[in-house]
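Architecture and fold: a report
The lines below spell out each chain.
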Amino acid sequence: MNAFLEMRCLLVVSCLLMLSSGLIIRFDFGKSQLPSGRWTQFLNRDRPSGTGDWETINAARNTYGYPRMCGSHERVAAIDVRLANGGNICAAGNTIATSATGGFACLIRHNKNRCQDYKVRYYCTRK
């Protein structure tokens, strides 16, 4: 996966909105609110094994299809990332990677051979 933005929860970035149990990563910089659209339900397609926990947009589209996932007529404007067990994402201590075209990943090689299990939901808007 190319062009992922890596971050830790301790890093304060203008595109992040911290929640009590997760974070929302927005890809529409400079706008005060998300455009008209919809959130998918939380999806947890992968488990943290092999090279990491991969919750990618393409894999979600292939596994779940529309309407559980954003359709081909929609784009992903934001991703809401949470721990699958409901715990606080910042307590996980993982370095995570995300992008508007790729989705979300926790790579084992960047996390001392250990990633938590994450779930994500996507905010879909018209292209």
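Quantities reported herein were computed from a predicted structural model and do not represent experimental measurements.

Criteria and thresholds
Residues numbered from 1 in each chain as written. Predicted model: local features only at pLDDT ≥ 70, side-chain atom pairs only at ≥ 80, totals over all residues. Heavy atoms only, no water. Core = buried A, V, L, I, M, F, W, Y, C linked by side-chain atoms within 4.5 Å. Buried < 20%, exposed > 50% of the residue type's maximum accessible area, 1.4 Å probe, protein only. Helix = DSSP H or I, 4+ residues; strand = E, 2+ residues; numbered from the N terminus. Contact = heavy atoms within 4.5 Å. Disulfide = S-S within 2.5 Å. Salt bridge = Lys/Arg side-chain N within 4 Å of Asp/Glu carboxyl O.

Attention now moves to the nonpolar core. One finds Met69, Val81, Phe104, Tyr118 and Tyr122 to be the most contacted residues of the largest nonpolar core, which totals 20 residues. Elements represented by at least two residues in this core include exactly helix 1 (57-64), strand 6 (74-83), helix 2 (89-92), strand 8 (103-107) and strand 9 (118-126). Those residues within four positions of Met69 in sequence are excluded, and the remaining contacts are Arg38, Thr40, Leu43, Ile57, Ala60, Arg61, Tyr64, Glu74 and Tyr122.

For the structure on display, the rule yields two disulfides. Linked covalently through their sulfurs, Cys70 and Cys124 form a disulfide whose S-S length is 1.9 Å. The sign of the -80° torsion about the S-S bond sets the Cys70-Cys124 disulfide as left-handed. Pair noted here: Cys70 is in the loop between helix 1 and strand 6 and Cys124 is in strand 9, with a separation of 54 residues, a long-range link. The two residues Cys70 and Cys124 agree in class, both being buried. Bridging Cys106 to Cys115, the disulfide has an S-S length of 2.2 Å.

Further remarks concern the pattern of salt bridges. Under the counting rule described, the total for this entry stands at four salt bridges. A salt bridge links Arg47 to Asp117; the nearest nitrogen and oxygen atoms lie 3.9 Å apart. In this pair, Arg47 is assigned in the loop between strand 4 (38-39) and strand 5 (52-56) and Asp117 in the loop between strand 8 and strand 9, connecting sequence segments 70 residues apart. Here Asp80 makes a salt bridge to Arg82, at a shortest N to O gap of 3.1 Å. Both residues of the pair, Asp80 and Arg82, belong to the buried class. One salt-bridge network, held together by shared partners, links Asp80, Arg82 and Arg121.

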